Amino acid sequence: MSSTEHETKPDSAEADPASEEATEQRELLIDREARVEAVEGDGPYGEPGRRFNRRSPFYMGLMGGLGLAVAYLVGWAVTSAEQELELILLAFFIAVGLEPVVAFLTRRGIRRGFSVLIVSLAAIGVLVGFLAIAIPPLVTQVDNLVKLAPHYLDTLNKRSSFLGHLNTKYHIVSHLQKALSGGGGASTASTVTSGVVGAGKVVLGAITALVIVVSLTIYFLADLPRVTTLCYRLVPFSRRARAGLLIDEVFARVGGYVLGNIITSGIAAVGTLVWLLIWGVPYALLLSVFVGFMDLIPIVGSTIAGIIVALVALTVGLPTAIATAIFYLVYRQAEDYLITPRIMQRTVNVSGLVTIIAVIMGGTLFGVIGALVAIPIGAAIKLVLEQVTFPRLDSS
């Protein structure tokens, strides 16, 4: 009986599945060709395996902990790189706004790379031209201010003049002296030195930010089709066509917003030019171009430009400066509540009420960048509500 059992007993090396599996696993760890032969499917890396059991307590706890860790890291990263992210968002916003121009040139038979180059050179040319016009008069005005500073100081000390009355009432000279002496603790030389260093840092930071925005805008313009394709791929295939149309419409409305913003800035520049020519304020063309650029920034842009133009109007006379300030106050109200809502309703298809609320909320929450992108974001939200949310609620 023992001999029969010995004859029918299989060979352990051939029949042990655990041993064969261990040998196969060792080969997979060592030999790449074995891994290539073991994969299944048409892709170079095979088909994905079965998903983990999502109802497992260990899996749920692990995913919950990882989710909290990832949320913390994302929040920390966003807070730490807030300024850089704002520059990236601004560059992407400008690129989407310039995309209609690039698409127009592309439809005319020009390759996309050359179209991006033409648009970029045109935008940079406008910026360089503005700086070329602005810098020489600015240097001249600063030089004149330095030369006339003793005269202004003497006028402040005269009680019979208007500035002298202001100095007597508000002690302007003493406040200036205290500011120059650093509140009484620091010397004038050290205060001036620290002020120059601080101004140098501000100028250097502004130039760096400008270079970053220009570079990123060009890259975004060149790769915008890939970016939109990535947005499409993030949507399930069954909804990809509809989502793609919605994304295209959002981008089109951003381009419409940029066009509308340029129109309102052009109106502000022309109005400023006419006003300054009537009152004989110097550097009317330069100041009107400056107002047009600053008006591109919602909320604060036109206000800052109006203050600077009113100060320049002081060189003509106090009545001219007061009239200019009143003009900008009136124009600011007309632009915010009459011109901008009407233009945005035509170019972005957003009502005046939504425009005003979006700009106020965006500027309050995220500053200048928030005010700049608030209207297209409001347009995107309105589009999603009209095409997705409201139809579902109506059919429910």
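In what follows, the accompanying structure is described. (Residues numbered from 1 in each chain as written. Predicted model: local features only at pLDDT ≥ 70, side-chain atom pairs only at ≥ 80, totals over all residues. Heavy atoms only, no water.)

### Side note on the overall build of the chain
Worth spelling out the cut-off: We count a stretch as a helix when DSSP gives it H or I for four or more residues in a row; a strand needs E for two or more, and each element gets its number in order from the N terminus. Accessibility here uses a 1.4 Å probe with only protein chains present; expressed as a share of the type maximum, an area under 20% marks a residue as buried, one over 50% as exposed, and anything in between as partly exposed. Residues count as neighbours in contact if any of their non-hydrogen atoms are within 4.5 Å of one another. Here the Shrake-Rupley method, with its probe set to 1.4 Å, supplies the accessible areas, and only the displayed protein chains count as covering residues.
Regarding its fold elements, the chain presents 15 helices and 0 strands. Counting all 396 residues of the chain, 27% fall into the buried class. Contacts spanning at least 24 positions in sequence make up 57% of the contacts within the chain whose residues lie at least 6 apart. Surface summary for the chain: the accessible area is close to 26900 Å², and the carbon and sulfur share equals 69%.

### Focus on the pattern of salt bridges
The criterion, for reference: Only one rule defines a salt bridge in this text: a Lys or Arg side-chain nitrogen within 4 Å of an Asp or Glu carboxyl oxygen.
Enumeration over the complete set of coordinates arrives at 3 salt bridges. Of the charged contacts in the structure, one is a salt bridge between glutamate 99 and arginine 112, with a shortest N-O distance of 2.8 Å. With glutamate 99 in helix α6 (residues 82-107) and arginine 112 in helix α7 (residues 112-157), this residue pair connects regions lying 13 residues apart in the sequence. A salt bridge links glutamate 386 to lysine 382; the nearest nitrogen and oxygen atoms lie 2.7 Å apart. You can see glutamate 386 and its partner lysine 382 sitting in helix α15 (residues 352-395), 4 residues apart, about one turn around the helix.

### Considerations on the packing of helix α11 (residues 240-279) against helix α12 (residues 284-294)
Selection criterion: Axes here mean lines fitted to C-alpha atoms, for a helix over just the part in contact, with angles spanning 0 to 180 degrees between N-to-C directions. Small angles under 35 degrees read as roughly parallel and large ones over 145 as roughly antiparallel, with 65 to 115 read as roughly perpendicular and the rest as oblique. Each crossing is labelled by how the near helix is turned from the far one, with a counterclockwise turn of less than a right angle marking it left-handed and a clockwise turn marking it right-handed.
The contact between α11 and α12 brings their axes to 8 Å, and the two run at 155°. The angle between α11 and α12 falls in the class roughly antiparallel. For the element pair α11 and α12, the recorded crossing hand is right-handed. Counting all contacts with α11, which are made through Ser265, Ala268, Ala269, Thr272, Leu273, Leu276 and Leu277, the residues of α12 involved are Ala284, Leu285, Leu287, Ser288, Val291 and Gly292.

### Section: the packing of aromatic side chains
Threshold: Two rings from Phe, Tyr or Trp (for Trp, the six-membered ring) form a pair when their centres are within 6.5 Å of each other. A pair whose planes differ by under 30 degrees is stacked, one over 60 is edge-to-face, and the rest are tilted.
With the rule as written, the count across this model stands at 7 aromatic pairs. Plain terms: the ring middles of phenylalanine 93 and tyrosine 257 are 5.6 Å apart, the flat faces sit at 55° to each other, and that makes the pair tilted. A residue pair is termed long-range when its members are at least 10 positions apart, and phenylalanine 93 in helix α6 and tyrosine 257 in helix α11 qualify at 164 residues. The class for phenylalanine 93 is buried, based on a relative accessible area of 9%. Centroid distance phenylalanine 327 to tyrosine 331: 6.3 Å. Interplanar angle 20°. Geometry classified as stacked. In this pair, phenylalanine 327 and tyrosine 331 both sit in helix α14 (residues 318-347), 4 residues apart, roughly one turn of the helix. By the ring-pair criterion, three or more aromatic residues cluster together here, those being Trp275, Trp279, Phe327, Tyr328 and Tyr331.

Limitation: the analysis is restricted to geometry and does not speak to function.
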